[in-house]
Each structure stands twice: as structure tokens, then as C-alpha cells.
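Structural features, examined
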Amino acid sequence: MAILLPYPQLTRTISTSSDTCSAGSESDDEITQLPPLPSSWSDALASTKDDLSRIAEFLEKEHKSHAVFPPLPKVWTAFELCSPEDVKVVILGQDPYHGVGQAHGLSFSVERGIKIPPSLRNILKEAADDVGAPFPPTHGDLRNWSRQGVLMLNAVLTVRSGDPNSHKNKGWEKFTDKVIEVLNKKTGIVFLLWGNPAHKRASGISEDRHTIIRSSHPSPLGCRQTGTPFCGSRCFSKTNEAF
């Protein structure tokens, strides 16, 4: 059964509050404490408790002088929508979008009503070329992919407004390495690694039990670069073929 379904499935209207919420409401932006890890992941990631406490302390201090994205209530969106038992595909990004209203806790995704960033547009264009999804897209909300078992994970889960990679080396990488370690104990997951930073995480994945699909990053600068360009990679049909 196909996991990454063509775009009609992605764009259908789903009548849940999570699909219709506004991007970055005022109440979300005012919250300065990192919420607890979703219960479906808490046992598997129990060893990260101290790491998350240090990250939470850093974020609380960061909030005193800077806006942080995504709003902290949305940091765990990927984990809320996709439990460890449900993960079939991992799409690994670097860090969240750093523009106002863009990041909402899923790598590469933006909420409805937000202009589609160039990297995401290239992703959806590849889906159109590869598996026949309609293009141009009507929005960039990838939550329906998460509901199909796709963990939309960034290596770093927060960022300072307007300052890409600003939360690098603040503890998130150790946490997400543990996420990959937990998932590596399973079998049959497809890992989509886009760009060199993602490729480096492959050392923690057992290729005898999982499928790894590597390509360049889908950004305009990288999507046609290197010997394994993202554009034309057929990563979506290859993912479906793996199942």
C-alpha cells in the first residue's frame, strides 16, 4: 500500500481543529515553556529527560529576548501525529523555517494560508512529476503525510526568528539522534535523507533492516546539484516501491 499518496489525498479537507487552526496564534506565541513530550513517545525516549530539561531551560531564556519558531506548543507536532509504532517513513530536515508563521513542527511543511517556501515547492513538484500529483499545490500543509506514518523530523526542532541554524548545538541533535536510534530498532522503515547534514545521520541507521534514499537538498540552490540531485530522484515512487 502506498504511503506517500498523490496530492489529492494531501489536499482534501479534513474537519479537525488541527487542520484549521491559524498559524502561530497569540496564545501560542506567549507560551515560553516547552510542553512535555507526547505520551506515545515518552517511554521510548525516557533517556532524553535530562537533555530535554536543558533544552527547555535554554528556550525559556531565549524567549526573553527573541521570538522562537515554531511556537512552543507546536514543537511536538510531528510526534503527536505519528507514534513510534506508526512510523513507516522518516523525512529528515535540518532546522525549522525561521520566518513568522511558517514553522509548525513538521519538517518542510507550512500551515494552510502560508506562502509555500521554495524548498517545499520543489518537494511538491517532484511529487507531481514522480507520482502524478496535481501541480501547482493549493497549500503546503503536510499533516496528512504524518497521518500516513511519515515522521517529518528536523535535526533541530526550534530556531530564533530570522536566524537560521541559531539553535544548532543547543542539545536538539542529541535528542533527534536518540529518535533515530529508537526507530532503528524497528525494521522496514524508509529514511529520506535530503542534503549532506541529513546524509551524515545515516551512520545511525542499519541499512540491512531499513531503506535509505539519499539525494541533494530540495532547496533551489541544491535540488539539481551533486551526483544525486533531488529533482528527478523519484524518491516518492521509490518509497512506495519499498513497501
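For the structure given in this document, a descriptive report is provided here.

So, how was this worked out
- Residues numbered from 1 in each chain as written.
- Predicted model: local features only at pLDDT ≥ 70, side-chain atom pairs only at ≥ 80, totals over all residues.
- Heavy atoms only, no water.
- Pairing = 2+ DSSP bridges.
- Helix = DSSP H or I, 4+ residues; strand = E, 2+ residues; numbered from the N terminus.
- Axes fitted to C-alpha atoms, helices over the stretch in contact; angles between N-to-C directions.
- Salt bridge = Lys/Arg side-chain N within 4 Å of Asp/Glu carboxyl O.
- Buried < 20%, exposed > 50% of the residue type's maximum accessible area, 1.4 Å probe, protein only.
- Core = buried A, V, L, I, M, F, W, Y, C linked by side-chain atoms within 4.5 Å.
- Contact = heavy atoms within 4.5 Å.
- Left-handed = near helix turned anticlockwise from the far one by under 90°.
- Nonpolar A, V, L, I, M, F, W, Y, C, P; charged D, E, K, R; others polar.

1. Focus: the sheet that holds strand S6 (residues 211-215)
Taken in spatial order, the 4 strands of this open sheet run S3-S2-S5-S6, and their pairing is parallel. The sheet is open, and its two borders are formed by strand S3 (150-154) and S6, each paired with just one other strand. Neighbour-to-neighbour, the strand axes of the sheet open up by a mean angle of 15 degrees, direction not taken into account. Relative to S3, strand S2 (residues 89-93) runs parallel, the two being bridged by 5 bridges.

2. Focus: the pattern of salt bridges
Taken as a whole, this structure holds 13 salt bridges when the rule is applied. In this structure, Asp-163 engages Arg-160 in a salt bridge whose closest nitrogen and oxygen atoms are separated by 3.9 Å. Among the salt bridges present, the one from Asp-177 reaches Arg-201, with a minimum N-O distance of 2.6 Å. Within this pair, whereas Asp-177 is found in helix H9 (residues 172-184), its partner Arg-201 is found in the loop between helix H10 (196-199) and S6, the two being separated by 24 residues in sequence. Accessibility expressed as a relative area gives 40% for Asp-177, which makes it partly exposed.

3. Description of the nonpolar core
Counting 63 residues, the largest nonpolar core has Trp-76, Leu-151, Trp-172 and Phe-175 as the members making the most contacts within it. Not counting residues within four places of it along the chain, the set of residues in contact with Phe-175 comprises Leu-37, Leu-45, Thr-48, Leu-52, Trp-76, Phe-79 and Leu-157.

4. Looking at the packing of helix H5 (residues 49-62) against H9
Where H5 meets H9, the closest approach of the two axes is 9 Å, and the angle between their N-to-C directions is 145 degrees. For the pair H5 and H9, the crossing hand works out as left-handed. Contacts between H5 and H9 involve Asp-51, Leu-52, Ile-55 and Leu-59 from the first element and Trp-172, Lys-174 and Phe-175 from the second. Across the contact of H5 with H9, the residue classes tally to 5 nonpolar, no polar and 2 charged.

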